[in-house]
Amino acid sequence: MNRIRLLPEHVANQIAAGEVIERPASVVKELVENSLDAGAGRVTVEIQAGGRSLIRITDDGWGMGRDDALLCLERHATSKIRRAEDLAAIATMGFRGEALPSIASVSRFVLTTREREGNTLEGTRVVINGGKIVEVKAAGSAPGTTIDVRQLFFNLPARRKFLRTEETESAHIQHYLTLAALSFPEVAMTFQKDGRLVWQLPGVKLSSDPGSRPAALRERLRALYPADQKLVPVNLSAGLSTPPDLQASSDGVLDSEFAANSALPVEAPVPSIRIWGFIGAPGISRATREDQHVFVNRRPVENRGLNFALLEGYHTALMKGRYPVCCLFVEIDPAAVDVNIHPAKREVRFHRESEVRKFVAEAIRRALLEYHSPQPAVHSPQSTGVGLPPATQSPERAEAGHVHQPALPHLPAGLQPETNVPLSPKPAQAPLGLGFGPGRPPLVEPTTPTGMAPLAGSRDSQTVPSAPALTQAPAAGSAPVPLLNVPLRLVGVIGKLYVVLESDRGLVLLDQHAAHERILFEQMLNRLEHHQQAPSQKLLLPETVELSARDANFAREQITVLTRLGVGLSEFGERTFLLDALPPFVKVTDSRRFVIELIDELKAAGQEVNTLRLGELTVAKTVCRHAVKANDPLAGAELEKLVTDLRHCAMPYTCPHGRPTLIEMNFRELEKKFGRSQ
Ligand code: ADP
Ligand code: MG
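Residues numbered from 1 in each chain as written. Chains lettered and ligands numbered in written order. Predicted model: local features only at pLDDT ≥ 70, side-chain atom pairs only at ≥ 80, totals over all residues. Heavy atoms only, no water.

**Observations concerning the overall build of the chain**
Counting its secondary structure elements, the chain contains 19 helices and 22 strands. When each of the 678 residues of the chain is scored for burial, the buried share is 52%. Taking the contacts inside the chain whose residues are at least 6 apart along the sequence as the reference set, 72% of them involve residues at least 24 apart. A total of about 30600 Å² of accessible surface is found on the chain, and carbon and sulfur atoms cover 55% of it. (Helix = DSSP H or I, 4+ residues; strand = E, 2+ residues; numbered from the N terminus. Buried < 20%, exposed > 50% of the residue type's maximum accessible area, 1.4 Å probe, protein only. Contact = heavy atoms within 4.5 Å. Areas by Shrake-Rupley, 256 points an atom, 1.4 Å probe, with all protein chains shown as cover.)

So, in structure tokens, the structure goes:
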């Protein structure tokens, strides 16, 4: 008996639609991608009732002739690939030839198209209802393509029932359109919702200059997010020249092993990778990934590895449970990434996943470090070639054979912060000029020159010509000058905790304790890097701590790390430990709670992405939280030192847990609050 039957075409299309077309936003995505693939310079999107009653996309792309207009509605009909091999190097948004027949099978669909280059003024109109062609006729139309999708899922009541409210569906549509607008700033985009104009984004002119894409993106970002957030430019390129079989070390970021290996000659052609875009300055984050936009070869993607890479790159500049704000473009040889792993093409798979991840984390890390200490040489996109710049280990560490990386790992020599950051301002540096009193000192030079001046310049700042900070050209065109690179004047302290400062730009508040934590954290890790041992002080009264069997086991494994970080913990019995030393700046009132907190943090860290160096970082972070609370009022000189020390940090804008150390309210914001401006 024959049981098996070939499904009719329209049923097959509906099944495909089940995967590709989840909701109105999927329709918008597929159709806008087609417009972009068709070389459109302008795309208009109109929706009604969250896309349930109407989605209309109009473009001025190259359009289709009559034959193509019919053929494009067949399954697996595409102009974008021809052979299976083409799948390995996809340069268009679409390639599956599934979208149009799928959408047409679950809606009332009208395609009107006219070839841009054609020699007739007549176009073609195809009307389809639930997958059945109703009408094909000649129709007058402007060059380009318009597709109307009405009553999505009208013939699949079950699917229609699953649609959410109009607001939710249009939010999904708007989210996708934001991504498309960011990825294609050169394309003018209009978005209308229920007859109301939401956006009218002009196309941004692109030149052949490599800097024009970031500039165009910046302009689009401004158009989409009028409340200008502080953004840090990212730009790094390299050859992914590590042999593909090299397993990632358990260390989540680039380590010396990677750097060394990347210099090995390899026979296969070296795929190159570039990452560029903008990320929120340290301290800027969101509770969701909503403003985390990542594109691979212009395609918005979700990729767990890239998500981890971002968190790794931000490291201590991001609070736990918070997500970066970013718009990043990864450009990689199309042959090195598989885009055909998800029906809606939302996910991609990198052939060299761990290297891409390391590269991205490294790019973020450098961008954040450079934000504070601009170092053009490292940031240049010309840094192509054999992997990433090598020699990221200090000689001492290389000698000792340590592979883990402390807080500020793999800093190229130029970016390496001072060793053992001195507690007093360096003699060569201009004094901060903080102080109370009626005769306020004039604003003075920052310790670190602003703008593009390399960090090295600050070491012999006497040779650096001094000019008022704010009149110097800011780094990277319109990038804002980091707060700690502008002169600050002390106004006072409130609540024994918040230091009030004034800059040329407005009001600055500094969280004394967060700043102190950051300074101690970096000092501790610098000490560790150069002396293999953070400072430690014997306790007058050692204390015993009793732990559960499991915690005791875990603690035993961690004793070496703890000792290196200045926490003297030793076995004193099966489940009893002796706490007999702590870093000098730490005061612990409840030893048991302190030890358990350390253990818990270490355990939690162990489940996260990067490991090796994490143990030390976690201990250092936790220990710094127990630094003597800086609630006793600090006097002028001490505050001056605090700000100077903070200026010397590599990542001064957040405490080691990612909380901001400084908050700025510029005059514009103040004026707004006081109703002086709109
Ligand atoms: P895919 O994009 O994967 O090729 P689609 O079903 O989305 O598959 O589209 C099928 C074909 O129809 C495309 O390959 C393209 O040639 C043509 N097409 C679709 N939309 C447009 C458009 N807006 N302008 C010009 N051609 C289009
Ligand atoms: Mg398509």
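That shown, we press on.
**Details of the sheet that holds strand E19 (residues 537–546)**
Spatially, the three strands line up as an open sheet ordered E19-E21-E20, and their pairing is antiparallel. Edge positions in the open sheet fall to E19 and strand E20 (568–571), since each of these has one partner strand only. Here the strands of the sheet are splayed against their neighbours by 20° on average, with no regard to which way each runs. Where E20 lies against strand E21 (residues 576–582), four bridges are found, and the strand directions are antiparallel. When the sheet's bridge partners are listed, Gly568 is paired in E21 with Ala581. Set on the sheet, helix H15 (residues 549–564) makes contact with E20 and E21; between it and E20 the angle comes to about 135°. (Pairing = 2+ DSSP bridges. Axes fitted to C-alpha atoms, helices over the stretch in contact; angles between N-to-C directions.)

**Quick notes on the packing of aromatic side chains**
Using the criterion set out here, one finds four aromatic pairs in the structure. Put simply, the rings of Trp276, Phe295 and Phe329 pair up and form one aromatic cluster. The ring of Phe554 has Lys603 lying over it, and the distance from NZ or CZ to the ring centre is 5.8 Å. (Phe/Tyr/Trp six-rings, centres within 6.5 Å; stacked < 30°, edge-to-face > 60°. Lys NZ or Arg CZ within 6 Å of the ring centre and 35° of its normal.)

**A word on the side chain of Arg518**
Summarising the element assignment, Arg518 is placed in helix H14 (residues 512–531). Judged by relative accessible area, Arg518 falls into the buried class, the value being 0%. Within polar-contact distance, the side chain of Arg518 engages the side chain of Thr316 at 2.8 Å. Residues in contact with Arg518, not counting those within four places in the same chain, are Thr316, Leu646, Cys649, Met651, Pro652, Thr654, Cys655, Pro656 and Thr661. (Polar contact = N/O pair within 3.5 Å; in protein donor to acceptor, adjacent residues only side chain to side chain.)

**A word on the sheet that holds strand E22 (residues 662–666)**
One open sheet accounts for four strands, arranged E16-E17-E18-E22; its pairing is antiparallel. Two strands in the sheet have a free side with no partner beyond their single neighbour: strand E16 (489–494) and E22. The average undirected angle you get between the axes of adjacent strands in this sheet is 20°. Two elements, strand E18 (residues 506–511) and E22, share five bridges in a ladder whose sense is antiparallel. By the bridge assignment, Val508 is partnered in E22 with Glu664. Along the sheet face, H14 touches E16, strand E17 (498–503) and E18 and points at about 65° away from the line of E18. Seen against the sheet, helix H18 (residues 636–648) touches E16, E17, E18 and E22 and runs at an angle of roughly 90° to E18.

**Observations concerning the site of ligand 1**
What surrounds ligand 1 is a group of 19 residues, the closest being Asn34, Thr78, Ser79, Lys80 and Gly97. Measuring from an oxygen atom of ligand 1, one finds a backbone N or O atom of Gly97 at 2.7 Å. Leu100 is positioned with one of its backbone polar atoms (N or O) 3.0 Å from an oxygen atom of ligand 1. Calculation on ligand 1 without its partners gives an accessible area of 530 Å², and the protein chains cover 93% of this total. When residues of the shell around ligand 1 are assigned to their parent elements, the largest contribution, three residues, is made by helix H4 (residues 99–105). Classifying every residue of the shell around ligand 1 by side-chain character gives eight nonpolar, seven polar and four charged. (Near = heavy atom within 4 Å. Nonpolar A, V, L, I, M, F, W, Y, C, P; charged D, E, K, R; others polar.)

**Things to note about the packing of helix H2 (residues 24–37) against helix H6 (residues 166–183)**
Each pair of packed helices can be described by the angle between their axes along with the distance between the axes. Where H2 meets H6, the closest approach of the two axes is 8 Å, and the angle between their N-to-C directions is 25°. Comparing the axis directions of H2 and H6 gives the class roughly parallel. The element H2 and its partner H6 pack so that their crossing is right-handed. Residues Pro24, Ala25, Val28, Lys29, Val32 and Glu33 of H2 pack against Glu169, His172, Ile173, Tyr176, Leu177 and Ala180 of H6. Across the contact of H2 with H6, the residue classes tally to eight nonpolar, one polar and three charged. (Parallel < 35°, antiparallel > 145°, perpendicular 65-115°, else oblique. Left-handed = near helix turned anticlockwise from the far one by under 90°.)

**Section: the nonpolar core**
In this structure, Ile275, Ile279, Val296, Val360 and Leu510 are the most contacted members of the largest nonpolar core, which totals 62 residues. Per-element tally for this core: the top contributor is helix H10 (residues 353–372), with ten residues. Each residue touching Val296, except ones within four places of it in the same chain, is listed here: Val301, Leu306, Val330, Ile332, Val337, Val348 and Phe350. (Core = buried A, V, L, I, M, F, W, Y, C linked by side-chain atoms within 4.5 Å.)

**Some remarks on the state of the cysteines**
Here, disulfide denotes a covalent bond that connects the sulfur atoms of two cysteines. Applying the stated criterion across every chain yields a total of zero disulfides. No disulfide involves Cys655; its nearest neighbouring cysteine sulfur is the one of Cys624, lying 9.5 Å away. (Disulfide = S-S within 2.5 Å.)

**Digging into the pattern of salt bridges**
Taken as a whole and assessed by the stated rule, the structure comprises 33 salt bridges. Two residues, Glu355 and Arg352, come together in a salt bridge whose shortest N-O distance is 3.7 Å. Residues Glu355 and Arg352 agree in their burial class; the two are buried. Among the salt bridges present, the one from Glu362 reaches Arg365, with a minimum N-O distance of 3.3 Å. Note that Glu362 and Arg365 are positioned in helix H10 at a spacing of three residues, about one turn of the helix. (Salt bridge = Lys/Arg side-chain N within 4 Å of Asp/Glu carboxyl O.)

**So, unusual backbone geometry**
A positive phi angle, close to 50°, is found at Ala49, a residue other than glycine. Its place among the elements puts Ala49 in the loop between strand E1 (42–48) and strand E2 (54–59). Judged by relative accessible area, which is 15%, Ala49 ranks as buried. Phi at Asp194 is positive, roughly 45°, even though this residue is not glycine. Considering the arrangement of structural elements, one finds Asp194 in the loop between strand E7 (188–193) and strand E8 (196–201).

**Focus on the environment of Arg352**
In this fold, Arg352 is placed in the loop between strand E15 (349–350) and H10. Under the relative-accessibility criterion, Arg352 is labelled buried at 15%. In this structure, the C-alpha to C-alpha distance between Arg352 and Val337, residues 15 residues apart in sequence, is 8.3 Å.

**What to know about the confidence of the model for the chain**
A residue-level look at the chain finds 77% of positions with pLDDT of 70 or above and a mean pLDDT of 78. For residues 242–268, every residue scores under 50 in pLDDT, and the model assigns this stretch 58 contacts once sequence neighbours within four places are set aside. Across residues 376–477, where pLDDT falls below 50, the model places 209 contacts with residues more than four positions away in sequence or in other chains. (pLDDT = per-residue confidence, 0-100.)

**Quick look at the packing of helix H9 (residues 304–314) against H10**
Across the interface, H9 lies against H10 with an axial gap of 7 Å and an inter-helix angle of 35°. In the packing of H9 onto H10, the handedness of the crossing is right-handed. On H10, the residues that touch Gly305, Leu306, Phe308, Ala309, Leu310, Glu312, Gly313 and Tyr314 of H9 are Glu353, Val356, Arg357, Val360, Ala361, Ile364, Arg365 and Leu368. Classifying every residue of the contact of H9 with H10 by side-chain character gives ten nonpolar, two polar and four charged.

**Some remarks on H14**
The terminal C-alpha atoms of H14, which comprises 20 residues, lie 28 Å apart, in line with the 28 Å expected from a rise of 1.5 Å per residue. For H14, the capping residue at the N-terminal end is Asp511, with a side-chain oxygen 2.9 Å from the backbone nitrogen of His513. Where H14 ends, the next residue or the one after it, Gln532, has phi of about 60°, a positive value. (Expected span 1.5 Å × (residues − 1).)

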